[in-house]
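Remarks on the overall topology
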Amino acid sequence: MLYSNIPRVTTASAFAGIPPPPHPQMLPASLWDPPPVRSGPPSPSWEKPGFCCQSLSQHAAGTDPPAERTGQRQRLSTEEATRWADSFDVLLSHKYGLAAFRAFLKTEFSEENLEFWLACEDFKKTRSAAKLASKAQRIFEEFIDVQAPREVNIDFQTRELTRRNMQEPSLSCFDQAQGKVHSLMEKDSYPRFLRSKIYTDLLSQTQRRLS
């Protein structure tokens, strides 16, 4: 599908905290609105909005809104941001690294890969046998099934294996599909992220804050 008519978020305006111009096909407003500070246990990662470009850049530059200057968030250091280039798993394990990668995938219209991976991570923490089958079916219908709303790019054999796993769902029923998607992001999206303006601009902002 061609996206030539859909304006992309430019990193210059996103990291400057400048809201995009109105457009009928604009990306969701949630990409720009800073997330609220939550108390108590977090909701599953794949069911809540991710960090946005604006709040991430405000944090890195040390210009968080007053509501976020409560000590509940640590400023991103240049050392931390640099470590994201060590490996893909290091990037995914860091809260702000995950947020920056999600913002990058949104510009490429491929965020469903990360959302599926996060859904699988959340699913493997399920302890209620009563909820296991319904959660598995929800993930399958959302990401795996043919013409799913956010269908991920996996091969036919993996899709059919996962479909058979739905007959008796277990905590490992998405392991092969999740591994395929992880490998795809690691080999394809991750190197482009490290070369992207989202990442290089973020590094520059953390370095300028120290100078």
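Above this note sits the structure.
Throughout what follows, the structure given in this document is the object of discussion. All of these numbers come straight from a predicted model, not from anything done at the bench.

Looking now at the packing of helix H5 (residues 95–107) against helix H6 (residues 111–123). Remark: H5 packs on H6, axes separated minimally by 8 Å, with the N-to-C direction vectors making an angle of 140°. With respect to H6, the axis of H5 lies oblique. Between H5 and H6, the contacting residues are Leu98, Phe101, Arg102, Leu105 and Lys106 on the first element and Glu111, Leu114, Glu115 and Leu118 on the second. Classifying every residue of the contact of H5 with H6 by side-chain character gives 5 nonpolar, no polar and 4 charged.

Formed by 40 residues in total, the largest nonpolar core has its most connected members in Trp84, Phe101, Leu114, Phe116, Ile144, Phe174 and Phe193. Of all the secondary-structure elements, those providing two or more residues to this core are helix H4 (88–93), H5, H6, helix H7 (129–144), helix H9 (175–195) and helix H10 (197–210). Not counting the four nearest positions on each side in its chain, Ile144 is found in contact with Phe116, Ile139, Val152, Ile154, Arg159, Thr162, Phe174 and Ala177.

As a further point, take the packing of aromatic side chains. The tally for this structure, following the rule as stated, stands at 10 aromatic pairs. Here Phe101 and Phe104 contribute two aromatic rings whose centre-to-centre distance is 6.5 Å and whose plane-to-plane angle is 25°, an arrangement assigned as stacked. Taken together, the residues span about one helical turn, with Phe101 and Phe104 both in helix H5 at a distance of 3 residues. Phe104 carries the same exposure label as Phe101, and that label is buried. With a centroid separation of 6.4 Å and 85° between ring planes, the pair formed by Phe116 and Phe174 is classed as edge-to-face. A residue pair is termed long-range when its members are at least 10 positions apart, and Phe116 in helix H6 and Phe174 in the loop between helix H8 (156–165) and H9 qualify at 58 residues. When sorted by exposure, Phe116 lands in the same class as Phe174, which is buried. Within the aromatic cluster, the residues linked to one another by ring pairs are Trp84, Phe88, Phe101, Phe104, Tyr190, Phe193 and Tyr199.

What follows is about the packing of H8 against H9. Where H8 meets H9, the closest approach of the two axes is 8 Å, and the angle between their N-to-C directions is 150°. Of the residues in H9, those touching H8 at Thr158, Leu161 and Thr162 are Gln176, Ala177 and Lys180. Here the residues of the contact of H8 with H9 sort into 2 nonpolar, 3 polar and 1 charged.

This part takes up unusual backbone geometry. The backbone of Phe109 shows a phi angle near 55°, a positive value even though the residue is not glycine. Here the phi dihedral of Gln147 falls at roughly 65°; this positive angle occurs in a residue that is not glycine. Position of Gln147 among the secondary structure elements: in the loop between H7 and H8. Since its relative accessible area comes to 73%, Gln147 is described here as exposed.

What counts as what
Within each chain, residue numbers correspond to sequence positions counted from 1 in written order. Given that this is a predicted model, residues contribute local features only at a pLDDT of at least 70 and side-chain atom pairs are listed and counted only at 80 or more, while totals for whole chains, interfaces and linings are drawn from all residues. Side-chain calculation: all heavy atoms of the structure are included, whereas hydrogens and water are not. Interaxial angle, 0 to 180 degrees, is taken between N-to-C directions of lines fitted to C-alpha atoms, where a helix line uses only the stretch in contact. Secondary structure is summarised from DSSP: a helix means a run of H or I of at least four residues, a strand means a run of E of at least two, and numbering begins at the N terminus for each. Roughly parallel means an angle under 35 degrees; roughly antiparallel, over 145; roughly perpendicular, 65 to 115; everything else is oblique. In what follows, a contact means two residues having at least one pair of non-hydrogen atoms within 4.5 Å. Gly counts as polar in this scheme, as do all residues outside two lists: the nonpolar Ala, Val, Leu, Ile, Met, Phe, Trp, Tyr, Cys and Pro, and the charged Asp, Glu, Lys and Arg. Nonpolar cores were defined as sets of buried Ala, Val, Leu, Ile, Met, Phe, Trp, Tyr and Cys residues, with membership established by side-chain atoms within 4.5 Å. Think of it in three bands: with a 1.4 Å probe and only protein chains considered, a residue is buried below 20% of the maximum accessible area for its type, exposed above 50%, and partly exposed in between. For Phe, Tyr and Trp, where Trp contributes only its six-membered ring, two rings pair if their centres lie within 6.5 Å, and the inter-plane angle classes them as stacked under 30 degrees, edge-to-face over 60, or tilted in between.

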